[in-house]
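Notes for the structure review
For reference, the chains in residue letters:
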Amino acid sequence: MKKCIFLCLLLFSIYTYVSAHYNPPKTLVSTVTKNTILPLFTFTLNTNEEYFINIGGPYIVRNCNDGLSRPIFPCGSATCALTRRLNPHQCLPPQNTIINGSCACQATAFEPFQRLCNSNQFTYGDFSISSLNPKSPSVTFNNVNYLCVPTPFLKDFPPGVFGVLGLAPTALAAWNQLTPPRLGLEKKFALCLPSDENPMNKGAIYFGGGPYKLKNIDARSMLSYTRLIKNPRKLNNYFLGLKGIAVNGKRILLAQNAFNFDGNGNGGVALSTTSPFTTLRSDIYKVFIEAFSKATLDIPRANGTTPLEFCLKSTTNFQVPRIDLELADGKIWKVFAANSMKKVSADVACLAFVDGGNAPEQAVVIGMYQMENTLMEFDVGRFAFGFSSSLSLVNASCGDFQTQP
């Protein structure tokens, strides 16, 4: 009996000690930087490795051009089968290979800027990320699944970019590898992408659901939520339900099915961190430009610049109409001038929307410029998308988020 009591007291003491000295983080956060060479945003893993943020990437992609051997996933494993299911639709399925006499799983990455595919070994290893917990400012998570790629595949990436952080709504995405049982975070992440108005401005990426400390407030209070739409033909993308676009409060006239998916999964409205500007299918773009042109008749025109076609002379009191993305559940994503007009010279600003042609993959792709200086939360657990208006409306920017303990 005494031994039993002693054992219970010992176990209780150990539990109390561990609870007091190990407080697993509820939120992980890192700064986001806008690259000046390619239109991409990066953040840091493993202290000094920059990773390009791709919300359409199914998994982490890492430069492995060091000649080291790495653990394999067997070709018949559940993880290997999942990589096949998540294979980028732009690429052919990979062929597995033999490593040290065993069949080793190969997976494929798609490089969106040069539109290249590359297959290589799918493996696992350790990564570290910063945390707001002052007792544990850096957290290491083990056995993270990722795809190795050789240096030539990333040769056109800016210097210092070590890989790709895939944040798609998939089981192998980076955010999902931080949920139970590995770290126990919530199934969500948030982004605030810095604008290029100030090259020193930084953004923030949060894993685990906040709080998102913006100056003296929790910026979750600024979010409106809409549901995400599943596209069984394209599992690696986030889609929104859109029922209309309004310019200056007036909805433009479009076909009733303008934003619908077709039988191949094309159409719909996708979010992208690889498209610099929002892209509209030609039939939508034409009507949109006509409406915006009529609403800005009092502003002198300027010559377009590729790929932005509609440009205006900008003045000190330059004002343009608001653009509203009317979402399917009644919420409105309000796009003000800071996210609709791109300054291209001292006295010229262009509408930051692009003609996507007659048969693009998606009817609308909401691009990075419309996302900048805006807080976005991807609540994948509830399959919901939270968004704010431009933070400039409250005299703030992405650089005001707390990203240090």
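Right above here is the structure, for reference.
Residues numbered from 1 in each chain as written. Predicted model: local features only at pLDDT ≥ 70, side-chain atom pairs only at ≥ 80, totals over all residues. Heavy atoms only, no water.

Some thoughts on the state of the cysteines
Worth spelling out the cut-off: Working definition: a disulfide is two cysteine sulfur atoms within 2.5 Å of each other. Strands here are runs of E lasting at least two residues and helices are runs of H or I lasting at least four, both read from the DSSP assignment and numbered beginning at the N terminus. The buried label applies to any residue whose accessible area, calculated with a 1.4 Å probe on protein chains only, is under 20% of its type's maximum; exposed applies above 50%, and partly exposed to all values in between.
This model, assessed by the stated rule, comprises six disulfides. One disulfide in the model links C64 with C148; its S-S distance is 2.3 Å. Taking the sign of the torsion about the S-S bond as the criterion, the disulfide between C64 and C148, at about -75°, is left-handed. On the criterion of sequence distance, the pair formed by C64 in the loop between β4 (60-63) and α2 (78-85) and C148 in strand β9 (residues 138-149) is long-range, its members being 84 residues apart. Of the two residues, C64 and C148, both sit in the buried class. Here C91 pairs with C117 through a disulfide, and the sulfurs are 2.1 Å apart. With the S-S dihedral at roughly -85°, the linkage between C91 and C117 falls on the left-handed side.

Some details on empty space enclosed by the protein
The condition that has to hold: A 1.4 Å probe that fits into a set of points on a 1 Å grid over the protein atoms alone but cannot get out defines a cavity; an open set with protein on both sides within 12 Å along at least five of seven lines defines a pocket, and lining residues are those with an atom within 4 Å of a point. Grid points are joined across faces, edges and corners, and a volume is the space filled by probe spheres set on the points. Amino acids are sorted into nonpolar (Ala, Val, Leu, Ile, Met, Phe, Trp, Tyr, Cys and Pro), charged (Asp, Glu, Lys and Arg) and polar (every other residue, Gly among them).
Summed over all chains, the structure comprises one cavity of 30 Å³ or more. Put simply, the largest cavity is a space of about 40 Å³. Taken together, the residues that form the lining of the largest cavity break down as nine nonpolar, no polar and no charged.

A look at the packing of aromatic side chains
Stated precisely, the cut-off is as follows: To pair, rings of Phe, Tyr and Trp, with the six-membered ring standing in for Trp, must have centres within 6.5 Å; the planes then decide the type, stacked if under 30 degrees apart, edge-to-face if over 60, and tilted in the middle.
With the rule as written, the count across this model stands at 23 aromatic pairs. Relative to F261, the ring of F239 lies with its centre 5.1 Å away and its plane at 85°, an arrangement referred to as edge-to-face. With F239 in strand β16 (residues 239-240) and F261 in the loop between β18 (250-251) and β19 (269-271), the pair connects residues that are 22 residues apart, well separated along the chain. Measuring from ring centre to ring centre gives 5.9 Å for F385 and F387, while their planes differ by 20°; the resulting arrangement is stacked. F385 sits in the buried class, given a relative accessible area of 0%.

Section: the sheet that holds strand β26 (residues 348-351)
Quick reminder of the rule: Here, any two strands with at least 2 DSSP bridges between them count as paired.
In space, the four strands of this open sheet follow the order β21-β22-β26-β25, with antiparallel pairing throughout. One side of each edge strand has no neighbouring strand; the edge strands of this open sheet are β21 (301-302) and β25 (341-345). By the bridge criterion, two bridges tie β21 to strand β22 (residues 311-313) in an arrangement that is antiparallel. Bridge pairing in β22 links R301 to L312.

Observations regarding the pairing of strand β15 (residues 224-229)
Here β15 runs beside strand β30 (residues 384-387); their pairing, made up of four bridges, is antiparallel. Counted as the bridge partner of Y225 is G386 from β30. Pairing analysis gives two bridges linking β15 to β16, with the strands arranged antiparallel. Among the inter-strand pairings, I229 is bridged to a residue of β16, identified as F239.

Comments concerning the sheet that holds strand β23 (residues 323-327)
Here four strands make up an open sheet; going across it, the order is β18-β17-β23-β24 and the pairing antiparallel. Every interior strand has two partners, whereas the edge strands, β18 and β24 (332-335), have only one. Where strand β17 (residues 242-247) lies against β23, five bridges are found, and the strand directions are antiparallel. Directly across from I245, in β23, lies its bridge partner L325.

Observations regarding the layout of surface pockets
Over the atoms, a rolled probe matching the size of one water molecule traces out where space is still vacant. Roughly 980 Å³ of volume is contained in the largest pocket. In terms of lining, the largest pocket is formed by 46 residues, of which the most central are Q90, F110, R115, T274 and S275. Going through the elements one at a time, β7 (106-111), β19 and β20 (278-280) are the ones with two or more residues in the lining of the largest pocket. Take the lining of the largest pocket: its biggest share by element is four residues, from β7.

Here's the deal with the pattern of salt bridges
Selection criterion: In the sections that follow, a salt bridge refers to a side-chain nitrogen of Lys or Arg positioned within 4 Å of a carboxyl oxygen of Asp or Glu.
Evaluation of the coordinates by the stated rule reveals eleven salt bridges. K188 is the salt-bridge partner of E186, the closest N and O atoms lying 3.6 Å from each other. Of the charged contacts, one joins K188 and D379 as a salt bridge, the two residues approaching to 3.5 Å between their closest N and O atoms. Separated by 191 residues along the polypeptide, K188 in strand β11 (residues 188-192) and D379 in strand β29 (residues 375-379) bring together distant segments of the chain. Judged by relative accessible area, K188 falls into the buried class, the value being 13%.

Scope: geometric values only; no functional claims are made or implied.
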